[in-house]
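Observations on chain architecture
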Amino acid sequence: MGCGTQIFVRHSLSNRITNIKSRLNQISENQKEYKIEHIPSVPLTSSTTSVAAWTDDFKESGADVEALEEMLRPEAGRQLKFISIVGESGVGKETLAKFIADEKHAEGMFYPVIKFNMPPDSTTEVLLREIDKRIVRCFKEVEKAYTGLPEELSTAVKIRRRLGQKSYLMILGGITSKTTLNCLRPSLPDDKNGSTVLLTLDTESEDVAWHANAMNAKGVVDGIHHLSRLDAKRSKELFCSRAFRKKQPNDLWSKEGETVSDEVAKIVYDITGGYPRAIVVLAGLLRFKENPSQWEAVLEQLRPVAVAVNEETGDGKQGVEIAGPTSSKQQSTRTTTLEKVFWQSFEDLTNDLKSCFLYFASYSKNTVQRADEMVRIWIGEGFVKPHKGKTMEELGHMYLKELVLRCLVEKIEMKTSGITLVRVHPRIHGLLQLEAREAGFVEFRNMNHVFVPPSIRRLSFCSFDGRFIKFTKKLRKLRSFMCRITDSSSNVARTGSNLKFLRRSKFLRVISVLGLRLDKLPEEIGVMVHLRYLRVDCKELQALPSSIWRLLNLQTLDIRGTQVEQIDPRFWKIKVLRHVLATELTLPATIEKELEDLQTLHGVKPAAAWNTNQCALHKMTKIRSLKLHGFQKRKHGAALKTALPSMHLLGRLKLQGDIIPSCVLTAHSLQYLHKIALDGTVKWHKFPKLDLRTARPNLFQVKLRNSKTEVPEHIKKEMDGILIERKAKP
């Protein structure tokens, strides 16, 4: 018995050791692929550093455009009309709707134009509130006239009042319920001036389209347009517009001429079946292949080929197979056209880009992300490493730009300074979340899925009804926590909203909390010494714990949307600070150490009178974006005048005060300055003669607001094309 027991124990230990080794190998692979631990970043590829222009030459189909234009044709006294574009996800419904909206808006047919994609599981109140926000944003040039409504009014009443007598166009996506549509309709005024609601609906929601059509006035029967896939010709046009960096694809295929381009176009059509989303993802993949042989390798791997029939037996399979070696994901019999192309494109990414891309899986579908915030989170996670000649922010934006050019991420908004808003298409987002779950990269939770294993590394929670889960488990391995509560205005119990469950999560690097009814942060946050990114957007938060200064690795503090005005003075000793964004944060009169890495300082106000040569700004010489309010020329003017010349990298300046000093436009060395916003009185007669072309060669916008003095004609001429003036009320 003793010998048998020993054999049994040894056999059991052997199995356990084998399992442990297998698990360690798996962890090692995950570390390499998703950078769970710090590893050196791979060198930049040429595809990362040499990306092309953003525009393409693809135009929407004439037949589809003509059909929608006919539906939108203006008629005297036309009542509010619902129009639906119906088609499978990824077929181009939103692109077509945006094209039509931009065209009609340019013609002056509609104003305002409101666009919103309703996230899954969100409520009608969220939909109405987001519509109202966008209406106010459209009317920002006369903001006070349209935002001065009593707070006690319901959102529906506010929308009706703001849109009254307006010929508006509303483009809405993500509505999957007739009930939601019924709740929306009473909020929309109908002054019989041609206002239109344009719905983009997946095929599964076609019943919503017919319901919307039934809500139109009697006699209106043409409120639905079905959008189908592209034919071979249109597929080629779309592919070439995204795949080639030059207008003529022959430049890449010069040896073979136009015939090869037609042959490639046929292969592309065979692979994608004319499905636009698959076409652009494939084009984005091939855009970063430098020669025809690389193209051929990718296309051969994806190309569907007919299965040969055995001439002797007559046996054979009908349909097509994918030629070449494929991954297990691609070998699935249920794999769709888009999935095959997506997995191929995903595997082509570097490890850095994979990690950055996977982070989009932390958010719900149709969530629009701010580009700069996404980049800061990537930096906080350690996905973006310093590179010679580039800041981490510049490198992060290059990563984002490549993901956009690869058509994995959509560019929602772009300004002169670069990309500002992005999102992942819903179809791509679903595949991305699948990959993130399988890799153990992030766990996404909502009120319908609350179980959280204690071993997770990244946790993302989203709620559209104001509720928050009370997490009770100790998440000791957690390194990122993201929480987004959309409807925090509801009467929700505060229990569980204090983030105390994070006290034992000492390895946290990223905390991002939006909309939570949170009035304080736990004092224990000071022991989270690995924390690099802290964002708290909670309107009830009034103070930060004194231990905040112990976060010696903190790079980003974002407390916009809170009531925080004071912070422990020792906070300004954190050497690695890169971005401080607030609403009413008090800036101390002076700080001891140089903040060499600080690039962004927004929403701060001076504490007291500044010493001419020792104010806090003198310790921020590398700053690139500064937004300062509560400025008083008598107390702070001299110090600002001595501090600005040392800010060689300053690109954006927003200053609100009683009197704006002339140094903001005349100070030497500010040649990087490209955007200025001044809120206060400008005494132009004290300005020396301006030569902006020499002093500010990159300046493209100057906003003046509430100035009690008239801008002289010679200065208006000097600022021709860049001056935006909003005069003060008498």
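Okay, so let's go over this structure. Worth saying up front: this structure is predicted, and the values here are computed from it rather than measured.

So, on to the overall build of the chain. Scanning the chain from N- to C-terminus turns up 23 helices and 23 strands. Burial analysis of the chain (730 residues in total) assigns 50% to the buried set. Of the contacts formed within the chain by residues at least 6 apart in sequence, a portion of 60% connects residues at least 24 apart. Accessible surface, the chain as shown: approximately 35,400 Å² in total, 50% of it carbon and sulfur.

This paragraph deals with the sheet that holds strand S8 (residues 369-370). Whenever strands of a sheet pair, they do so through backbone hydrogen bonds, lying parallel or antiparallel. A sheet is described by the order of its strands in space; here 3 strands give the open sequence S8-S10-S9, paired in antiparallel fashion. Where the open sheet ends on each side, the last strands, each with one partner, are S8 and strand S9 (410-415). Judged from the 2 bridges that link them, S8 and strand S10 (residues 418-423) form a sheet pairing that is antiparallel. Residue pairing across strands places Gln-369 opposite Val-422, the latter belonging to S10.

It is worth spelling out the sheet that holds strand S5 (residues 224-226) at this point. Strand order in this open sheet of 5 strands is S2-S3-S4-S1-S5, and the pairing throughout is parallel. Strands at the two margins of the open sheet, each flanked by one partner only, are strand S2 (113-117) and S5. Taking the axes of each pair of neighbouring strands and ignoring which way they run, one obtains an average angle of 15 degrees across the sheet.

Bringing the pairing of strand S14 (residues 510-514) into the picture now. The element S14 is largely enclosed, with a buried count of 5 among its 5 residues. Residues of S14 alternate between two faces, with Val-510, Ser-512 and Leu-514 on one and Ile-511 and Val-513 on the opposite face, all of them buried. One ladder, built from 5 bridges, connects strand S13 (residues 480-485) with S14; its direction is parallel. Across the sheet, the residue bridging to Arg-484 is Leu-514, located in S14. Across 5 bridges, S14 lies against strand S15 (residues 533-537) in parallel orientation. Its bridge partner lying in S15, Val-510 is registered against Tyr-533.

Positionally, Arg-234 belongs in helix H10 (residues 232-243). Among the polar contacts listed, one links the side chain of Arg-234 to the side chain of Glu-237, at a separation of 2.6 Å.

Moving on, we get to the nonpolar core. In terms of nonpolar packing, the biggest core is built from 84 residues, with Phe-481, Phe-571, Trp-572, Leu-601, Leu-617 and Met-620 touching the most fellow members. The greatest single-element share of this core, amounting to 4 residues, is contributed by strand S17 (residues 579-587). Excluding residues that lie within four positions of it along the chain, Leu-617 makes contacts with Leu-587, Leu-601, Trp-610, Leu-626, Leu-640, Ala-643 and Met-647.

Attention now moves to the packing of helix H15 (residues 337-347) against helix H16 (residues 351-358). H16 packs onto H15 with a crossing angle of 125 degrees between their chain directions and a minimal axis gap of 9 Å. In terms of orientation, H15 and H16 fall into the oblique class. Of the residues in H16, those touching H15 at Phe-342, Phe-346 and Glu-347 are Lys-354, Phe-357 and Leu-358.

Below, the discussion takes up a positive patch on the surface. There is a patch of like positive charges on the surface, built from Arg-137, Arg-370, Lys-415, Arg-652, Lys-654, Lys-703, Arg-705 and Arg-726. Of all the elements in the fold, those that place two or more residues in the positive patch are strand S20 (652-660) and strand S22 (701-707). Within the secondary structure, Arg-705 is located in strand S22.

Attention shifts here to the environment of Glu-373. Checked against the element boundaries, Glu-373 lands in helix H17 (residues 371-381). Sequence spacing of Glu-373 and Leu-421 is 48 residues, and the spatial spacing of their C-alpha atoms is 9.8 Å. Every residue in contact with Glu-373, bar those within four places of it in the chain, is listed here: Tyr-533, Arg-535, Asp-558 and Arg-560. At 3.1 Å, the side chain of Glu-373 forms a polar contact with the side chain of Arg-560.

Here H15 lies mainly inside the structure; 8 of its 11 residues are buried. For H15, every residue scored as buried is listed here: Leu-338, Glu-339, Val-341, Phe-342, Trp-343, Gln-344, Ser-345 and Phe-346.

Turning next to the packing of H10 against helix H12 (residues 276-287). Between two packed helices, what matters for the description is the angle formed by their axes and the separation of those axes. For the pair H10 and H12, interaxial distance at closest approach is 8 Å and the crossing angle is 35 degrees. Along this stretch, H10 crosses H12, giving a crossing that reads as right-handed. Here Ser-235, Leu-238, Phe-239, Arg-242 and Ala-243 of H10 lie close against H12, whose contacting residues are Pro-276, Ile-279, Val-280, Leu-282, Ala-283, Leu-286 and Arg-287. Considered class by class, the residues forming the contact of H10 with H12 number 9 nonpolar, 1 polar and 2 charged.

Let us look at the pairing of S9. Looking at chain direction, S9 and S10 are connected through 5 bridges and run antiparallel. Residue pairing for S10: Met-414 is matched across the bridge by Ile-419. Joining the antiparallel neighbours S9 and S10 is a turn of 2 residues.

Here we come to the packing of aromatic side chains. What the rule picks out here adds up to 12 aromatic pairs. Aromatic pair Phe-360 and Trp-378: ring centres 6.3 Å apart, planes at 80 degrees, arrangement edge-to-face. Remark: Trp-378 occurs in helix H17 and Phe-360 occurs in the loop between H16 and S8; sequence separation between them is 18 residues. Within the aromatic cluster, the residues linked to one another by ring pairs are Phe-342, Trp-343, Phe-346 and Phe-357. The ring of Phe-288 has Arg-406 sitting right over it, with the charged end atom 4.6 Å from the ring centre. Sitting above the plane of the Phe-441 ring, Arg-458 keeps its charged end 4.2 Å from the centroid.

Here we take up unusual backbone geometry. Residue Tyr-111 is joined to Pro-112 through a cis peptide bond whose omega torsion reads 0 degrees. Relative to the elements of secondary structure, Pro-112 occurs in the loop between helix H4 (93-106) and S2. With a phi close to 60 degrees, Asn-706 is a non-glycine residue in the positive phi region.

Tallied over the entire structure, the rule returns 36 salt bridges. One salt bridge connects Arg-129 with Glu-125, and the closest N-O pair in it is separated by 3.7 Å. Linking Arg-129 with Glu-125, this pair stays in helix H5 (residues 124-138), spanning 4 residues, or about one helical turn. Arg-129 gets classed as buried once you look at its relative accessible area, which sits at 18%.

In this section: the environment of Lys-233. Tracing the chain through its elements places Lys-233 in helix H10. Residue class for Lys-233 comes out exposed when judged on its relative accessible area of 62%.

Thresholds, definitions, all that
Residues numbered from 1 in each chain as written. Predicted model: local features only at pLDDT ≥ 70, side-chain atom pairs only at ≥ 80, totals over all residues. Heavy atoms only, no water. Helix = DSSP H or I, 4+ residues; strand = E, 2+ residues; numbered from the N terminus. Buried < 20%, exposed > 50% of the residue type's maximum accessible area, 1.4 Å probe, protein only. Contact = heavy atoms within 4.5 Å. Areas by Shrake-Rupley, 256 points an atom, 1.4 Å probe, with all protein chains shown as cover. Pairing = 2+ DSSP bridges. Axes fitted to C-alpha atoms, helices over the stretch in contact; angles between N-to-C directions. Polar contact = N/O pair within 3.5 Å; in protein donor to acceptor, adjacent residues only side chain to side chain. Core = buried A, V, L, I, M, F, W, Y, C linked by side-chain atoms within 4.5 Å. Parallel < 35°, antiparallel > 145°, perpendicular 65-115°, else oblique. Patch = residues over 30% accessible without salt bridge, like charges linked within 9 Å, V, L, I, M, F, W, Y side chains within 5 Å. Salt bridge = Lys/Arg side-chain N within 4 Å of Asp/Glu carboxyl O. Lys, Arg positive; Asp, Glu negative; His and termini not counted. Charge placed at Lys NZ, Arg CZ, Asp CG, Glu CD. Left-handed = near helix turned anticlockwise from the far one by under 90°. Nonpolar A, V, L, I, M, F, W, Y, C, P; charged D, E, K, R; others polar. Phe/Tyr/Trp six-rings, centres within 6.5 Å; stacked < 30°, edge-to-face > 60°. Lys NZ or Arg CZ within 6 Å of the ring centre and 35° of its normal.

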